[in-house]
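# Secondary and tertiary structure notes
In case you want the letters, here they are:
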Amino acid sequence: MVAASDDGLIAGAVDCHVHACPHINARSLDVVEAAREALAAGMAGLGLMDNFANSAGYAALARRVLGSVDLEIWGGLIMEPPAGGVSAEAVAIALAYGYGPGTGARFISLPTHHTRHVARGEGRSPLYVEACFEVPETGPLPDPLPAILDRIAAADVVFNTGHVAAHEAVRLVECARARGVGRILVPASHYDDAAITAVIGGGAVAELSYFFASPAADVPLTHVDAEAHVIAGVSIARMAAIIRQHGAGHIIVSSDCGVGILPRPVEGLRLFLRLLGAAGVARDELARMVRDNPARLFRVGA
């Protein structure tokens, strides 16, 4: 068994993908526990994600509870239907939602489960698929996406392309950049090298998360409703190959932990770093992907 050692990389790390908010299935810890454990580990930043609500409020509350500490905690909006859907109004609220200036959303994400790409993969009904988000291959972006991108650009927060198909992500990066969005994150664990080349070339950062390389990828889980589905896994060897092929300069690694069957986020991130290191990823590359790149993208320490 691989030891959960991180060669000192957790100190100063930024995990932008933690699921500690309330959920309809088991979480391994709550938001305050996640923040305290990250603080105890010497991490620099923690990003909270939630499929059911704008997590900026949870982050703002955690900062109030902890007081003045050397850990930045932030949240944002995943535009799932329970959180208001793909809505310019929901985005406007998320950007201002918190306890004063600087506590609103630091990211706005397209849906991670209510996309036609994911719904088709789950074998959902035609009516369900039809109601989900999709980016057309040609023509204008559907409303209200242009207005949403304009709000993201004006606020200078991160635009997360969500769990869309690779060709959709490529088009989203191009359109977002054309509308002035400067910070773009693409969950790319499942994408092929051509798509990753395209999104990085378009100015985005690609995310690789431990969840998809973990045993959780083999277990049917409930994410947004009563149905439980398996998400396709991605091997550590494939993730290491992505890093070798594309370099560490435009990639971040995250735990994507908080799910009850996985290690708690700090330990999950430690294990992910150790596994990538054992697969041949150099320590300086790991440091760049877990410290420098996410800190720059989410303005940690700015």
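Everything that follows concerns the structure shown earlier in this document.
How each quantity is defined
- Residues numbered from 1 in each chain as written.
- Predicted model: local features only at pLDDT ≥ 70, side-chain atom pairs only at ≥ 80, totals over all residues.
- Heavy atoms only, no water.
- Helix = DSSP H or I, 4+ residues; strand = E, 2+ residues; numbered from the N terminus.
- Contact = heavy atoms within 4.5 Å.
- Buried < 20%, exposed > 50% of the residue type's maximum accessible area, 1.4 Å probe, protein only.
- Arc of directions from axis to C-beta.
- 1 Å grid on protein atoms, 1.4 Å probe; cavity = no way out; pocket = protein on both sides within 12 Å on 5 of 7 lines; lining within 4 Å.
- Points joined across faces, edges and corners; volume = space filled by probe spheres on them.
- Nonpolar A, V, L, I, M, F, W, Y, C, P; charged D, E, K, R; others polar.
- Pairing = 2+ DSSP bridges.
- Axes fitted to C-alpha atoms, helices over the stretch in contact; angles between N-to-C directions.
- Right-handed = clockwise from strand over helix to strand, strands pointing away.
- Core = buried A, V, L, I, M, F, W, Y, C linked by side-chain atoms within 4.5 Å.
- Phe/Tyr/Trp six-rings, centres within 6.5 Å; stacked < 30°, edge-to-face > 60°.
- Lys NZ or Arg CZ within 6 Å of the ring centre and 35° of its normal.

### Looking at the environment of Ile148
- Tracing the backbone shows Ile148 in helix 6 (residues 145-155).
- Distance in space between the C-alpha atoms of Ile148 and Phe159 is 9.6 Å, their sequence separation being eleven residues.
- Apart from residues lying up to four places away in sequence, Ile148 is in contact with Met79, Val86, Ser87, Ala88, Val91 and Ile108.

### Some details on helix 8 (residues 193-201)
- By the burial criterion, the buried members of helix 8 are Ala195, Ile196, Val199 and Ile200. The buried residues of helix 8 all sit within an arc of 130° when viewed along its axis, so they share a single face. More than 90 degrees from the buried face of helix 8, the exposed residues found are Ala194 and Gly201.
- Tucked inside the fold, the buried residues of helix 8 contact helix 7 (166-178), strand 7 (184-187) and helix 9 (236-246).

### Side note on the layout of surface pockets
- For the largest pocket, the calculated volume is near 380 Å³.
- Taken together, 19 residues line the largest pocket, and the ones lying closest to its centre are His117, Val118, His163, His190 and Ile231.
- For the lining of the largest pocket, the element with the highest residue contribution is helix 4 (residues 116-121), accounting for three residues.
- Class assignment for the residues of the lining of the largest pocket results in nine nonpolar, nine polar and one charged.

### Some thoughts on the sheet that holds strand 1 (residues 14-18)
- Strand order in the open sheet formed by three strands is 1-2-3, with parallel pairing between adjacent strands. The open sheet has two free edges, formed respectively by strand 1 and strand 3 (72-74), since each of these has just one partner strand. Going across the sheet, the axis of each strand differs from the next one's by a mean of 10°, ignoring polarity.
- The pairing of strand 2 (residues 45-48) with strand 3 spans three bridges and is parallel. Pairing of Gly45 across the sheet is with Glu72, part of strand 3.

### A word on the pairing of strand 1
- Of all five residues making up strand 1, five are buried, and the element is well covered by its neighbours.
- Two strands pair when backbone bridges link them, and strand 1 and strand 2 are joined in this way by three bridges, in the parallel orientation. If you follow Asp15 over to strand 2, its bridge partner there is Leu46.
- Handedness of the crossover is the feature at issue here: the chain leaves strand 1, passes through helix 1 (residues 31-40), returns alongside strand 2, and the resulting connection is right-handed.

### Brief notes about the nonpolar core
- The biggest cluster of nonpolar side chains holds 88 residues, and the ones touching the most others in it are Met43, Ile108, Phe159, Val186 and Leu276.
- It is helix 10 (residues 265-278) that contributes the most residues to this core, seven residues altogether.
- For Ile108, the residues in contact, after removing those within four places along its chain, are Leu77, Met79, Val91, Ala94, Leu95, Ile148, Ile152, Val157, Val158, Phe159 and Asn160.
- Membership of the second largest hydrophobic core comes to 14 residues, among which are Val14, Cys16, Val158 and Val205.

### Overview of helix 3 (residues 88-96)
- Residues of helix 3 that are buried: Ala88, Ala90, Val91 and Ala94. Take helix 3 and look down its axis: the buried residues cluster within an arc of 155°, on one side only. Structural note: helix 3 exposes Glu89 and Ala96 on the side pointing more than 90 degrees away from its buried face.
- Along its buried surface, helix 3 packs onto strand 4 (76-78), strand 5 (107-109) and helix 6.

### Quick word on the packing of aromatic side chains
- Scanning the entire structure with this criterion turns up three aromatic pairs.
- Considering the side-chain rings of Tyr210 and Phe272, the 5.7 Å spacing of their centres and the 45° angle between planes classify their relative orientation as tilted. Taken together, the residues span a long stretch of sequence, with Tyr210 in the loop between strand 8 (205-209) and strand 9 (221-222) and Phe272 in helix 10 at a distance of 62 residues. Comparing Tyr210 with Phe272 shows no difference in burial state: the two are buried.
- Plain terms: the ring middles of Phe211 and Phe212 are 5.7 Å apart, the flat faces sit at 85° to each other, and that makes the pair edge-to-face. In this structure, Phe211 and Phe212 share a single accessibility class: buried.
- Positioned above the aromatic ring of Tyr99, the side-chain terminus of Arg64 is 4.4 Å from the ring centre.
- The lysine or arginine in question, Arg124, covers the ring of Tyr128, its NZ or CZ lying 4.4 Å from the ring centre.

### Observations concerning the sheet that holds strand 6 (residues 158-160)
- One open sheet accounts for six strands, arranged 4-5-6-7-8-11; its pairing is parallel. Every other strand in the sheet has two partners, leaving strand 4 and strand 11 (251-254) as the edge strands with one partner each. When strand polarity is set aside, the average angle formed by the axes of neighbouring strands in this sheet is 20°.
- Here strand 4 pairs with strand 5 via three bridges, running parallel. Residue pairing in the sheet places Ile78 in a bridge with Ser109 of strand 5.
- On the sheet, helix 10 packs against strand 8 and strand 11 and is oriented at approximately 130° with respect to strand 11.

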